[in-house]
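Spelled out from the first residue to the last, the chains are:
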Amino acid sequence: MITHDILVVGGGLAGLSAALSVDPRLSLAIVSRVHPLRSHSVAAQGGINAALGNSPEGKDDNWEKHAFDTIKGSDYLADQQAAELMCREAVPAIYELEHLGVPFSRSPAGLIAQRPFGGAGFPRTCFAADRTGLVIVHTLFERAVKNQVKVYDEALVTKLVVENGRCVGVVVYDLASGQILPMRARAVIFATGGYGRVYLKTTNAYINHGSGIGMAYRAGVALKDMEFVQYHPTSIFPKNILITEGARGEGGHLVNNKGRRFMEDYAASAMELAPRDIVARAIQTEVDKGNGFEDEYVHLDLRHLGQKKIDKRLPSVREICIKFGGLDPVEKPIPIQPAQHYSMGGIDVDAHCASALPGFYAAGECACVSVHGANRLGGNSLLETVVFGKIAGREASNFVSGLEQKDASERTMFAEAQAEKEKVEAWISRSGGKMAHHLLNDLKVVMSEKVGIFRTKKQLEEALEKIREIREDYGRAFVSGRCLRYSQAIVNLIEFGYMVDLTEVITLGALLREETRGSHYRRDFPRRDDARWLKHTLVRLKDGKPDVSYRDVQITKYQPQERTY
Amino acid sequence: MKYTFRILRFDPAVDQNPCFVDYVYETEEKKSLLEALMDIRNDEDCTLSFRYSCREAVCGSCAMVINGRFDLACRTMLESLGTSVIVVEPLPNLEIQKDLIVDMEPFWRALFAVEPYLFSGEKRPEKGYQIDDRQMEKIDPYVNCILCGCCYSACPVVARDERYLGPAALAKLYRFVQDPRDLRGFKRWSRVNTETGAWGCDTVFKCNEVCPRKVRPADGIEGLRRRLVIGKLRSLFKREK
């Protein structure tokens, strides 16, 4: 049986960072459903935040101001110690990345260049043109090659294995061979990313089904603040590919069908660079009022930046517009609309990335520390992956080094794998029923129509009911054809079970939270209510049902104030 | 619009040889080839296998041969092909694992052979590096590479000699050699001063032509050659360590 000290599940930025910080004396492997370079982290465009103070306008910046912006941006739901930790570690983390080989764009003085981003008091976002995620993933992967990190790629983890209250490994569906195998470990780190594909309109890759979050939930770990779903303001219509916030950071304007920069009405001083929750709602409101185009989108106008600046700073945006939108942003404004982009919530972990299940850690988008609270600032997600990935690798190493219990029994491991095989067998042996892509589409429709940017009690109740119906349908799932090798239908069905769970948790959290905070907007409760709701939602599986509890937010020195921009 | 997709299908575990299978596909929307393949898989045959992830030309998963041209399926719009018969094949120069999925192992092996990582100094500068933007611009085209494998598959030298490192790996090496932070010595990287390394290139520039990211790997190979010649001359005069 494949056995390692530590398994890192996911080969994106959080997973690679974790792997690189694991104690080299331990046996380590990355398990990923795709090759690490195909991870969704490569799609991050705009940049990564750190208060370097490299630009003249940013010379008074420091990590405390970064922490304040992050906490205010979170609508005060972030745990302040964790946000401070992240912002303090940001500066050395960036220099470390540069030293590993990340080709950051340069300032006129030859330093790492920084651009303004939403909700930030200073130009603080370090970048490599508009392919920041791509170059950081490649750099960390290169380092993993140098360190000869073992990678099992195209291997979908299907389940966490728990024995005697401790996480002892995973079950894996190996796509190339079609086999379902146990993998034993003394600690498991999840870096499995977000769940964008439970929505119809998302900037996320096709692989972002969020099943990792659901596996943790099924293993009894709590999910935290799942009702907070970030919509990115600017995805290109109609393909919903991300157009980076950097486009506004470089000076792009949002314009409605009257030719007006409407952000004036929503965030008069920050304008286009207000935080994402505010800008996304503003755009949707304009479209709903009839101030959009084709009742779908508004314009992001970059024309005044000129071709030279666009080519230097936003080359991928131009390429995306030409290839996927059929227009050149040098000549025409870009049609944009909000689309699901990021999950603030996730697997409940502390600032050491440890969950309540011994031996199980999580980092990156799948985790909720919480540093983003109710709304994440642009440029903070790459930062989170790098800082907390590293912490997860280190903490898991310490855990394993101090572990006295023996490895899991082979019998447990093989029994778990056998149960997974039987599940797949059942889908294949059926001659009819529900197909994976139909189930997926049904779920997406519910989430998009009823658990979107604007929410009401009625819609959320309807959504919960529908989700529970879809769970029934999942019991009648089937796969046509017997080929188990590279079967995307099997991948989708395995993941779908977890997607149903996590959409239920998102919706339930949203229904119970009777206030508006950050990305969670309730039309029936349009104000923030600190007296009742300055707390984290925790949902765990108890006797097969979601069990909801709450936990106070950690406050250090930033008292909640009204959030204006 | 009605299309006929002629897709090369092959499951080495079952089939003797790869063979083309036709699928009729109708759509009114502006679809990418990747979206069309997903529809065909969902509606016609769920055992049709191909790789994909980002759908925005940045992850490098879905390289294939489309009507004889190398490209990413996600960034190829059906209407841009100007034909109603669309022939889809896996990347050549690599073994087929299933349908449009090929074994990338030789490609990765070649990449790893050039030591594709920065040789940075022992200590990192506390306040970061100071590097002129013009120096970084020199490596800009090469860091745009997504390692999709189009160039490797299109390369006529790889086709006849599997020992040849190929365009992507050599361009990656050039990216590091040109990086002002990289401290690898000439001796270390000049191991590519061989017929299966920098001198293997036929300069027919297929790689430049097929790259979906405009990387121009052949320019990198030429750059390596220039550096190799200069380095050798210098070593004759013992100026290079």
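Worth saying up front: this structure is predicted, and the values here are computed from it rather than measured.

Structural notes on the overall build of chain B
Reasoning step 1: Looking only at helices and strands, chain B has nine helices and seven strands in total.
Reasoning step 2: Projected onto the principal axes, the alpha-carbon positions of chain B cover approximately 65 × 40 × 30 Å.
Reasoning step 3: Looking at the 241 residues of chain B, the share that counts as buried comes to 47%.
Reasoning step 4: Restricting the contact set of chain B to residue pairs at least 6 apart, pairs at least 24 apart contribute 65%.

Considerations on the packing of helix H12 (residues 436-450) of chain A against helix H13 (residues 457-474) of chain A
Residues and elements named next belong to chain A.
Reasoning step 1: Where H12 contacts H13, the axes come no closer than 9 Å and their chain directions differ by 175°. If you check the angle between H12 and H13, you find them roughly antiparallel. Between H12 and H13, the residues in contact are Leu-439, Asp-442, Leu-443, Val-446 and Lys-450 and Gln-459, Leu-460, Glu-462, Ala-463, Lys-466, Ile-467, Ile-470, Asp-473 and Tyr-474, respectively.
Reasoning step 2: Each residue belonging to the contact of H12 with H13 can be placed in one class, and the counts come to eight nonpolar, one polar and five charged.

A look at the sheet that holds strand S4 (residues 114-115) of chain A
All names here are of chain A.
Reasoning step 1: As summarised here, the arrangement of the three strands in space is S3-S5-S4, forming an open sheet in which the pairing is antiparallel. Of all strands in the sheet, those bounded by a partner on one side alone are strand S3 (48-49) and S4.
Reasoning step 2: In the sheet, S4 pairs with strand S5 (residues 125-126) via two bridges, with the strands oriented antiparallel. Its bridge partner being in S5, Gln-114 is matched across the sheet by Cys-126.

What about the domain arrangement of chain B?
Residues and elements named next belong to chain B.
Reasoning step 1: We note that the domain assignment places domain 1 (2-102) and domain 2 (105-236) within chain B.
Reasoning step 2: Distance between the C-alpha centres of domain 1 and domain 2: 30 Å.
Reasoning step 3: Each side of the interface is counted separately: domain 1 has 13 residues, and domain 2 has 14 residues.
Reasoning step 4: Counting residues per element, the side of domain 1 that touches domain 2 draws most heavily on strand S4 (residues 69-72), at three residues.
Reasoning step 5: Here the side of domain 1 that touches domain 2 is built from residues that sort into nine nonpolar, two polar and two charged.

Some thoughts on the sheet that holds S4(B)
Residue and element names in this part refer to chain B.
Reasoning step 1: The five strands are arranged S2-S1-S5-S3-S4 in an open sheet whose pairing can be described as mixed. Unpaired on one side and paired on the other, strand S2 (19-26) and S4 mark the two borders of the sheet. Strand-to-strand twist across the sheet, computed as the mean angle between neighbouring axes with direction ignored, equals 30°.
Reasoning step 2: Relative to S4, strand S3 (residues 63-66) runs antiparallel, the two being bridged by four bridges. Bridging across to S4, Met-64 finds its partner in Asp-71.
Reasoning step 3: Sitting on the sheet, helix H1 (residues 33-43) is in contact with strand S1 (2-9), S2 and S3, with an inclination near 100° to S2.

Notes on helix H2 (residues 105-113) of chain B
Residue and element names in this part refer to chain B.
Reasoning step 1: Restricting attention to buried positions, one finds in H2 the residues Phe-107, Trp-108, Ala-110 and Leu-111. All buried residues of H2 fall inside an arc of 160° around its axis, so they share one side. Exposed positions of H2 whose direction lies more than 90 degrees from the buried face are Glu-105 and Arg-109.
Reasoning step 2: Buried residues in H2 make contact with helix H4 (150-154) and helix H6 (167-177).

Some thoughts on the nonpolar core
Reasoning step 1: Val188(A), Ile189(A), Ile347(A), Tyr361(A), Ala362(A), Ala363(A) and Leu170(B) are the most contacted members of the largest nonpolar core, which has 268 residues in total.
Reasoning step 2: Counting residues per element, this core draws most heavily on helix H14 (residues 488-512) of chain A, which supplies 14 residues.
Reasoning step 3: If sequence neighbours within four positions are ignored, Leu170(B) has contacts with Val114(B), Leu165(B), Val192(B), Ala198(B), Pro217(B), Gly220(B), Ile221(B) and Leu224(B).

Observations concerning the environment of Val149(A)
Reasoning step 1: The topology assignment puts Val149(A) in the loop between helix H4 (132-146) and strand S6 (150-153).
Reasoning step 2: As a C-alpha pair, Val149(A) and Ile30(A) span 119 residues in sequence and 7.5 Å in three-dimensional space.

Observations regarding helix H7 (residues 276-288) of chain A
Residues and elements named next belong to chain A.
Reasoning step 1: Over its 13 residues, H7 extends 18 Å from the first C-alpha to the last, a length consistent with the 18 Å expected when each residue adds 1.5 Å.
Reasoning step 2: The buried count for H7 comes to 11 of 13 residues, which makes it a mostly enclosed element.
Reasoning step 3: Buried within H7 are the following residues: Arg-276, Asp-277, Ile-278, Val-279, Ala-280, Arg-281, Ala-282, Ile-283, Gln-284, Glu-286 and Val-287.
Reasoning step 4: Those residues of H7 that are buried lie in contact with strand S11 (229-236), strand S12 (253-255), strand S13 (298-301), strand S14 (334-343) and strand S19 (521-522).
Reasoning step 5: At the C-terminal side of H7, Gly-290 shows a positive phi close to 90°.

Considering the domain arrangement of chain A
Residues and elements named next belong to chain A.
Reasoning step 1: Taken domain by domain, chain A comprises domain 1 (234-340) and domain 2 (410-521).
Reasoning step 2: Distance from the C-alpha centre of domain 1 to the C-alpha centre of domain 2: 33 Å.
Reasoning step 3: Across the contact, five residues belong to domain 1 and four residues belong to domain 2.
Reasoning step 4: For the side of domain 1 that touches domain 2, the leading source of residues is H7, giving four residues.

Calculation rules
Residues numbered from 1 in each chain as written. Chains lettered and ligands numbered in written order. Predicted model: local features only at pLDDT ≥ 70, side-chain atom pairs only at ≥ 80, totals over all residues. Helix = DSSP H or I, 4+ residues; strand = E, 2+ residues; numbered from the N terminus. Buried ≥ 20, exposed ≤ 12 C-beta atoms within 10 Å, placed from the backbone. Contact = placed C-beta atoms within 7 Å. Axes fitted to C-alpha atoms, helices over the stretch in contact; angles between N-to-C directions. Parallel < 35°, antiparallel > 145°, perpendicular 65-115°, else oblique. Nonpolar A, V, L, I, M, F, W, Y, C, P; charged D, E, K, R; others polar. Pairing = 2+ DSSP bridges. Domains from an automatic or database assignment. Arc of directions from axis to C-beta. Core = buried A, V, L, I, M, F, W, Y, C linked by C-beta atoms within 7 Å. Expected span 1.5 Å × (residues − 1).

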